[in-house]
Amino acid sequence: MRRWTVLWAAAVVALLLLAVALVRWGPGGGEPAAEPTPSPEPTAVEALTPAEVYEAVAPSVVIVERLAAGNQVAGTGTGVVASDTGVILTALHVVKGGAVRVTFADGTRSAATVEASDPANDIAALAVTGLPQVLVPATIGNSGRLAIGDTVVAIGNQLGMTSSATAGVVSGLDRAAAGDDGTRLGGLIQFDAAVNPGSSGGPLVNTRGETVGIVVALANPTKAGTFIGIGFAVPIGTALGGGPGSSNGPQR
């Protein structure tokens, strides 16, 4: 009886050792079983600071001047290089009623013409007669991904102070406003980064350094025309012809 008990105990121990070996090394016996590898977490894109946004976008921003007789400057605004062929987006009201001249970030000056326009959204596309030696197009973003509270940077030539940068947040989406000529604009991005006369046509930029809008208007209950905390931009998809209000893009 004792002998069978010993043999039974030995058999149980052997079975337990075999089970442990199978779990540890796998049924093949020679190689350890592969451990499951956890999927890598998606890498979040680190947000740029306003200073980094400005550094990334400033080379793409231009001064837009409307000229009167004798090449006298009759109005000043802003534009942004939107393609590697030198197409410049700006606000249509900036370039209405005169010859146009642009000055690139490196100081290169060139005559420009309105090649296409979208009056319903106050957008114009300019072609220039001469390009700088190094052309830096802006990186275009997806304005459809904007959310209220997102940080944005506006870059422009407000009040004649060239290449000014201001930061704020998206305050509202799908807003309506009246343009300088009374045109009713819709589908706008509302933001609170400071803009003033001269800012029109400049880029509104997200924290990835991507242009997501073109500044076209500001709200003011008086006739002063200065900023009180509400600016408006046309979403970049609309400005380029891919969004609501401009199904075929700026028209010739």
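For clarity, every value in this text was computed on a predicted model and none was experimentally measured.

About the thresholds
- Residues numbered from 1 in each chain as written.
- Predicted model: local features only at pLDDT ≥ 70, side-chain atom pairs only at ≥ 80, totals over all residues.
- Heavy atoms only, no water.
- Helix = DSSP H or I, 4+ residues; strand = E, 2+ residues; numbered from the N terminus.
- Buried < 20%, exposed > 50% of the residue type's maximum accessible area, 1.4 Å probe, protein only.
- Contact = heavy atoms within 4.5 Å.
- Polar contact = N/O pair within 3.5 Å; in protein donor to acceptor, adjacent residues only side chain to side chain.
- Pairing = 2+ DSSP bridges.
- Axes fitted to C-alpha atoms, helices over the stretch in contact; angles between N-to-C directions.
- Core = buried A, V, L, I, M, F, W, Y, C linked by side-chain atoms within 4.5 Å.
- Salt bridge = Lys/Arg side-chain N within 4 Å of Asp/Glu carboxyl O.

J.: Just to check I follow, could you spell out the overall build of the protein chain for this structure?
T.: Helix and strand content of the protein chain: four helices and twelve strands. Expressed as a percentage of its 252 residues, the buried residues of the protein chain come to 41%. Sequence-distant contacts in the protein chain: of pairs separated by 6 or more residues, those separated by 24 or more amount to 57%.

J.: Mind showing me how you'd approach the side chain of Gln158 here?
T.: Looking at where Gln158 falls in the secondary structure, it is placed in the loop between strand S7 (151-156) and strand S8 (164-178). Here the side chain of Gln158 touches Ala194 through a polar contact of 3.4 Å, landing on its backbone oxygen. Ignoring any residue separated from it by four or fewer positions in sequence, one finds Gln158 in contact with Ser164, Thr166, Ala194, Val195, Asn196, Pro197, Gly198 and Ser199.

J.: Just to check I follow, could you spell out the sheet that holds strand S10 (residues 203-205) for this structure?
T.: Whenever strands of a sheet pair, they do so through backbone hydrogen bonds, lying parallel or antiparallel. Within the closed barrel, the six strands sit side by side as S7-S8-S9-S12-S11-S10. Their pairing is antiparallel. The sheet shows a mean angle of 50° between the axes of neighbouring strands, taken without regard to direction. In the sheet, strand S11 (residues 211-218) pairs with strand S12 (residues 231-235) via five bridges, with the strands oriented antiparallel. In the strand pairing of S12, Ala217 is matched with Phe232. Sitting on the sheet, helix H2 (residues 50-57) touches S7, S8 and S10, and the angle it makes with S7 is about 45°.

J.: Sorry if this is basic, but what is going on with unusual backbone geometry here?
T.: Peptide bonds are, in most cases, trans, and in most cases residues other than glycine have a negative phi. A positive phi angle, close to 60°, is found at Asn71, a residue other than glycine. Inspection of the secondary structure puts Asn71 in the loop between strand S1 (61-67) and strand S2 (73-81). One non-glycine residue with positive phi stands out, namely Asp174, at about 55°. Within the secondary structure, Asp174 sits in strand S8. Under the relative-accessibility criterion, Asp174 is labelled exposed at 65%.

J.: Help me understand the sheet that holds strand S4 (residues 99-103) in this model?
T.: One closed barrel holds the six strands; their spatial order is S1-S2-S3-S6-S5-S4, and the pairing between them is antiparallel. For this sheet, the mean angle separating the axes of adjacent strands, direction not counted, is 40°.

J.: Explain the nonpolar core to me, please; I cannot follow it from the model alone.
T.: General note: in soluble globular proteins, nonpolar side chains tend to be found buried as a group. One finds Val64, Ile88, Leu89, Val95, Val102, Leu126 and Val216 to be the most contacted residues of the largest nonpolar core, which totals 32 residues. Per-element accounting of this core gives the leading share, five residues, to strand S6 (residues 123-128). With residues up to four places along the chain from it excluded, the contact list for Val102 reads Ile63, Val64, Ile88, Thr108, Arg109, Ser110, Ala112, Leu126 and Val128. Ranked by size, the runner-up nonpolar core spans 13 residues in total, among them Ile189, Val212, Phe227 and Ala233.

J.: Would you take a moment to explain the pairing of strand S9 (residues 184-191) for this structure?
T.: Where S8 lies against S9, five bridges are found, and the strand directions are antiparallel. Counted as the bridge partner of Gly172 is Gln190 from S9.

J.: Sorry if this is basic, but what is going on with the environment of Gly97 here?
T.: With respect to the helices, strands and loops of the structure, Gly97 is situated in the loop between helix H3 (92-95) and S4. Taking C-alpha positions, Gly97 is 8.6 Å from Leu67, a pair spaced 30 residues apart along the chain.

J.: Would you take a moment to explain the pattern of salt bridges for this structure?
T.: Pairing of side chains with opposite charge becomes possible as their charged atoms draw close. Here the structure, examined in full by the defined rule, presents one salt bridge. In this structure, the salt-bridge partner of Arg101 is Glu65, at a minimum N-O distance of 2.9 Å. One end of the pair, Arg101, is in strand S4; the other, Glu65, is in strand S1, and 36 residues separate them in sequence. Each of the two residues, Arg101 as well as Glu65, counts as buried.

This is a description of form; function is not addressed.
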